[in-house]
Every structure is written in structure tokens, then in C-alpha cells.
Amino acid sequence: MSVPNEDNMSSHTQLSSHFFGELLDSIIVDVASECHRIARLGLDRNLEEEEEELRLSAQARVTVADPSNSGETNGKYVVDIFGQTHPSVANEVFDCMNCGRPIVAGRFAPHLEKCMGKGRKARVKATRSSTAAQNRYSRGSPVSAYSSYSNSTSTNRLSNGTYNHTVEEYSNGTCEEP
Amino acid sequence: MSCSDHTLLHSQSENGHDIAVDIERSELYCCSCSDQVYDLDFDKVVVAKNIVDMPSKTRDSVVDDLMRRSSKRRRLNSVVDLDLIRSKFFVWMRGRRAKSCYPLGLRGLNNLGSTCFMNSILQALLHAPPFRNYFLSERHDRETCRKRSSDQSCLACDIGVIFSAVYSGDRTPYSPAQFLYSWWQHSANLASYEQQDAHEFFISVLDAIHEREGKERNPNKDNGDCQCIAHRVFSGMLRSDLTCTTCGFTSTTYDPCVDISLNMDTSSFSSVDVANKSVRPNEDTGRSTLLACLDLFTRPERLGSDQKLYCQNCQEKRDTLKQMSIKRLPLVLSLHIKRFEHSSLRRTSRKIDWHLQFPFSLDMTPYLSPSIVRNRFGNRIFGFESDEADISAEFEIFAVVTHSGMLDSGHYVTYLRLQNQWYKCDDAWITEVDERIVRASQCYMIFYVQRMLYYKANEDLSCAPMPSRRDPFVPIAGCC
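Residues numbered from 1 in each chain as written. Chains lettered and ligands numbered in written order. Predicted model: local features only at pLDDT ≥ 70, side-chain atom pairs only at ≥ 80, totals over all residues. Heavy atoms only, no water.

All names here are of chain B. If you trace the backbone, Lys351 turns up in strand 13 (residues 348-351). The buried category is assigned to Lys351, whose relative accessible area is 8%. Here the side chain of Lys351 touches His403 through a polar contact of 2.9 Å, side chain to side chain. Within polar-contact distance, the side chain of Lys351 engages the side chain of Gln442 at 2.8 Å. (Helix = DSSP H or I, 4+ residues; strand = E, 2+ residues; numbered from the N terminus. Buried < 20%, exposed > 50% of the residue type's maximum accessible area, 1.4 Å probe, protein only. Polar contact = N/O pair within 3.5 Å; in protein donor to acceptor, adjacent residues only side chain to side chain.)

Dropping the structure here:
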């Protein structure tokens, strides 16, 4: 913005220009004064450290995105730091603490779900035939009252594992082993 | 009284008249120093004058605010230190038998069927210094616990078992089956073989430990300062200020919390960028940072006109300003990033996949209540705040839980920092990774511990010197 030549301006323009200058100065000094106070009283954040962290992060993203770096290999097929390899489904076998049967580790959760009578499938079973279900579950399974299925109405849940849509078929009258 | 032109002349002509007052801003200027200067008494007068001009009830609340001293100062538990000594001995004993030169406590966890949400949080808990020290020194007595309640499961006992197993020196992956069983008994509504949220699991575990331990340790039912291990380690206090926009009256409430859930700053790119079409509205511009999220969390928020709150001073409902701040920091600070976005319009939910930058060293000072409140009063000096400073606000990161994949089907992995080396814990697989991988990862929960505790913890785990640096991107096989 060029400095107006005061001789050529009317006094009106001169005055408004002067006011503008005052307002601008005032705003600048407001900000400067606040910042000065913060800096002088030691209230400011450690900007150098923060910038260093940002720089390292940006650099990291560039390095990781570069295809020439071997990058993280898929965790399931490498040797771990102790020199061990593992199958993609954990194959340790132990006894289920609910029913006592030996179960493969990688399949323990789905087994336990049925074993304890919990989960979606168990609830589906229960609603299909109420009397049959009552008979089944009154025979000593530990459960109970199912609380209502908490689905993603609770916000901010990130899930893992694939969502299994299949529902088992039941033939009439046969008892399902838990 | 003079304008800026005369100020300098006046101080030169008159002796001892060096101080000038900026009456617009209530600031002092020293002509000898040629700089703005600050004085405690002057600031007190300025603040006092502002208070006097307020309506009486507002004034009372403000004075309460300013005069409030840090009440129960949290002593860095001497009990925590005792745990540290005991656990050091334990670790040293085990260390002599350990078969590898990697830190103790590094052990894979088998995935029992979509349980990576559980494994990822367990890894973080296994390496949270004060939590670890407590369980390694066997402060939770499994014998007495079992006697007290024979058939009820105790998650604290089961966690104790996991600690023993993971720190035993055995490196074959461990199956936390008993723990899963106990947890499903406790959290019936979450008991199913399907998608689960790691954060939900985290809260649920701490809650279960509190339920069990809380009863024995807090016979007076004093919930304000619960002594159970979950709260002693993870619990902090949040402060919420509600200010009436009409009269300035502020009401303050305090709530304990075991973690802080942060919204991502979706407005981090300017509208100019969007207008110029250089940035599409929902694109990751690479500018989202953890500090921006914390700024957002502590920013004054104008509650909508449909959310008017009752003001005691005005005696009616008014538009309100709400501001959060941290009254007391926990020993372990757990930050949860809300990556879930729910659009009520389209009735869809999606995951926000953007990268969020997070620092390895974090200074929480700007988010503490004294900083936030002081800022509200123009950063005037209050002499009686100095006793807040001895509680450390400096933290070091020790674990990051990351999520990759879609909302309904994804995978959790935890990165742990032990003695300045990062390890990736992907269910049964433990590998070494370069810190750059961690920085570039998509964080979901970030765990920080107070700096002093971090340094102490990393002394314990020393063993034989680490293998020399190699290509950081190749996982390293065990050395012995």
C-alpha cells in the first residue's frame, strides 16, 4: 500500500487515513503486548521442541511412504525378535475353563462364546423357540439374562475381526450341544 | 498522562519517572529498559479492579477461583516407590535367568479369535510403569483374594497371572484365555466373539479392577480419592467451567477421569484452502496434531442456544460458554482419539483415517486448570499459584495402540517403547521397529507416563547391551 501524498489529499481523506492507521497500530500492539507478556512470564510453550516433533513426524511419513524402503513386513509371516515363527492361527491347546474340553487357542473365543451361552448366536437360538431354549439353558449352563446387544450406537468403537453374518440352521426338535 | 510522543521526553526530563502506564491495555512500560515490564502488585490491582466491577455473585465465584489453592496435592505415592524397589529386585532375579538380551516383559500374546483389541491393551498395561511395578511386586495378593470370594472371578488376579507369565523369561506366546473368560463374566454385554473396541475394553478392565479392589481399599467409601491400583495409576481430574455470557458468573465442577477422549480437529484446514480447491473437505492435509486436539479440548465452547443453562446470578436460562481444563494429571495419561465419525444426516458412520501427529515428549502445562484460568484473566500474575508447579506436567510416551482397516473389520497393533527402542506387538509377533514407523502410524490410543517414572522404569530393564544398529526396517531375529 503506497503512502499517500498528503499534499494531494483532501483533509477528509487525510483524517480517515489517520484513524485507520491508529486502529491498525492499536490492534498490532494488542497482539504484541499479549505475546510479550506470555513470553516474558515464561508461559509460552516450548515451540522448538514442538517443531522438532512435527519435523520428525513429517520426515517419518515420507520415509515410510517411500516404496523403496522394505517397510513393515506383514506381521504374520516373519520371524520375531526371539527367532520364532508362529502360525496365523494360534495352535496352542489348553482346556476350556468352562467345559473342560481341550481347545485350540486361535478358536478359543468362538468356542467360549457358545460354551458360555453368550453372544449373538446364543441369543438367536434363544429367541427362535422359547420353550426349547429354556429347556436347553436350564441344564446348567452358566447363563442368564442377556443384556441387550450393544451395537455401534455407542460411538467411537473401532472393531476388529470380520463381521460374521451367518446364522446356524436348526432342525426341529434336536438339541444343540453348546 | 501523556501520549507516546511525550512519554520519552518526560522520562528524560524528570528523574525517577521511568514507568509509564498503557491505559488501554493496563500494562506497564519502563523507559529505561525500553520494554514492557510486569509487576505482581500492579497485576493484582488490575484484577481486583476488574472483579469489583462485576456483579456480586460473579465476583464471588471469580474470587473463589483466584484464591483457590491446589487442594489435596497429590504426593507421588511413596507406595508407588515401594513397588518400584520390590519390582526392581524381581526383575533383576528373573533377568539372571532370561534367555535373551531383550528386555523382560516382552512376550507375544496369542489371538484367541478376534481378540487383538484385548491383546493390544494388555501390552500397554503390561508396560505401564507404576501398574507393572504393582503387579510384579505381587501387591495384589491372589491367595487372600481367592479365599475371600471363591467362585467370583477377579480380573486383578488374572492380570497378575499374566504379568507373572509375561515377565517369566519364557518367550513363547502366551494365551490370555483365563483372562478372557473372567472378563466376559464381568462384562456380560461385551461378551461375544466379534468386533470389539479397544478403548471400551480398556475402560471395562479398569472398572472391573476398581470394583474388586475399591471395596477393600476404600472402606470409607471415599470415591474422591480411590486407592485401587487402577485409579492410583490412571485417574486424573477434569475441571469444567460454565460461564454465563450475560453476567460472567462461572460455575465450576470437577470430575475424575481415567482417560481423555479427544475429537480430531476437523477444521484444521482453512476455508481458503477448501475454496481454492486445493484441499477437498474431508481430506487428510497432514496437519492434524495431538496438540491441536488438546487445544480443541480446552477451547471455550459456546453451547448452542438450544442448550441454555440456568445461571444462578441472572436467575434464568442463558447462553453459556463451556471450557474444560485438567485439574490434576494422572501418573499414566491415556489419550483416546475419537476416530469415529457419525453422520446423522446420512445415518452412516465412518472411521476418520487421517494421520494424527503425536509427540514422544509431551508437556501438559498449557492444558492445566491454572494455565487455562490464568489465560482467561489476561495472563495476569497471581502470586499464590507457585505451589502448582511442583506437580510434573511432563510426560514421555511408552505405548501406542494403533488401528488399521475399516470400522467393522480391522486390526489393532501396539507399539511399545522400552529403553528407547520401539517394539511392535502384533498378537504373537514381537518385532523391533524404527521410531519412524511409529510416528507414521495411525494412533488410536496413546499412553504417556510422567517423565520421572519413565526414566526410573527404564533403568530396571537393562540387560546386556543391545545389538548394534542395522537396517531399521528389517525385523531382527533373537540373538541368544
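Still more to cover.
A few words on the domain arrangement of chain B. Many descriptions give the size of an interface as the accessible area lost when the pieces come together. When the domains of chain B are assigned, the result is domain 1 (1-50), domain 2 (115-209) and domain 3 (229-266 + 288-382 + 389-460). Of note, the centres of domain 1 of chain B and domain 3 of chain B, computed from C-alpha atoms alone, are 40 Å apart. (Domains from an automatic or database assignment.)

What follows is about the confidence of the model for chain B. Residue and element names in this part refer to chain B. Per-chain confidence: chain B averages 80 in pLDDT, with 73% of residues scoring 70 or above. In the model, residues 69-77 has pLDDT below 50 throughout and makes 20 contacts with residues more than four positions away in sequence or in other chains. Within the model, the stretch residues 463-480 combines pLDDT values under 50 with 44 contacts to residues more than four positions away or in other chains. In the predicted assembly, ipTM is 0.74 and pTM is 0.77. (pLDDT = per-residue confidence, 0-100. Contact = heavy atoms within 4.5 Å.)

On to the sheet that holds strand 4 (residues 236-244) of chain B. All names here are of chain B. Across the sheet, which stays open at both edges, the 4 strands sit in the order 5-4-10-7 with antiparallel pairing between neighbours. Edge positions in the sheet fall to strand 5 (250-257) and strand 7 (301-302), since each has one partner strand and no second. With 2 bridges connecting them, strand 7 and strand 10 (residues 320-328) associate as antiparallel partners. Directly across from Arg302, in strand 10, lies its bridge partner Leu321. Its contacts with the sheet put helix 14 (residues 369-376) on strand 4, strand 5 and strand 10, and the angle it makes with strand 10 is roughly 145°. (Pairing = 2+ DSSP bridges. Axes fitted to C-alpha atoms, helices over the stretch in contact; angles between N-to-C directions.)

Strands sit in the order 1-2-3 (chain B) across an open sheet of 3 strands; the sheet is antiparallel. Looking along the sheet, the strands with just one partner apiece sit at the ends: strand 1 (19-22) and strand 3 (35-37) of chain B. Averaged over all adjacent pairs, the angle separating strand axes in this sheet is 40°, with direction ignored. Inspection of the sheet shows strand 2 (residues 27-30) of chain B paired to strand 3 of chain B by 3 bridges, in the antiparallel sense. Bridging across to strand 3 of chain B, Cys30 of chain B finds its partner in Asp35 of chain B. Its contacts with the sheet place helix 1 (residues 11-40) of chain A against strand 2 and strand 3 of chain B, and it is angled at close to 65° to strand 3 of chain B.

Residue and element names in this part refer to chain B. Here strand 16 (residues 410-418) lies mainly inside the structure; 8 of its 9 residues are buried. Examined bridge by bridge, strand 15 (residues 394-405) and strand 16 share 7 bridges and lie antiparallel to one another. Looking across to strand 16, one finds that His403 is bridged to Tyr412. In sequence, strand 15 turns back onto strand 16 through a hairpin of 4 residues. Sheet topology places strand 16 next to strand 17 (residues 421-426); 5 bridges connect them, and they run antiparallel. Directly across from Leu416, in strand 17, lies its bridge partner Tyr423. Between strand 16 and strand 17, which pair antiparallel in sequence order, lie 2 residues; one of them, Gln419, sits at a positive phi of approximately 50°.

Right, let's get into helix 2 (residues 40-52) of chain B. Residues and elements named next belong to chain B. If you check helix 2, its first and last C-alpha atoms are 18 Å apart, about what 13 residues at 1.5 Å a residue would give, namely 18 Å. Taken together, the buried positions of helix 2 are Asp43, Val46, Val47 and Ile51. On an axial view of helix 2, the arc spanned by its buried residues comes to 135°, and they lie on one face. Seen from the buried face of helix 2, the exposed residues on the opposite side, beyond 90 degrees, are Asp41, Val45 and Val52. (Expected span 1.5 Å × (residues − 1). Arc of directions from axis to C-beta.)

Turning next to the pattern of salt bridges. Applying the stated criterion across every chain, the model contains 19 salt bridges over all chains. As a salt-bridge pair, Glu24 of chain B and Arg25 of chain B come within 3.5 Å of each other at their nearest N and O atoms. Given the relative accessible area of 59%, Glu24 of chain B is considered exposed. Given a relative accessible area of 15%, Arg25 of chain B falls into the buried group. The salt bridge involving Asp241 of chain B is made with Arg376 of chain B; its shortest N-O contact spans 2.6 Å. Within this pair, whereas Asp241 of chain B is found in strand 4, its partner Arg376 of chain B is found in helix 14, the two being separated by 135 residues in sequence. Residue Arg376 of chain B is classed as partly exposed on the basis of its relative accessible area, which comes to 32%. Residues participating in the shared-partner salt-bridge network are Asp30 of chain A together with Asp22, Glu24 and Arg25 of chain B. (Salt bridge = Lys/Arg side-chain N within 4 Å of Asp/Glu carboxyl O.)

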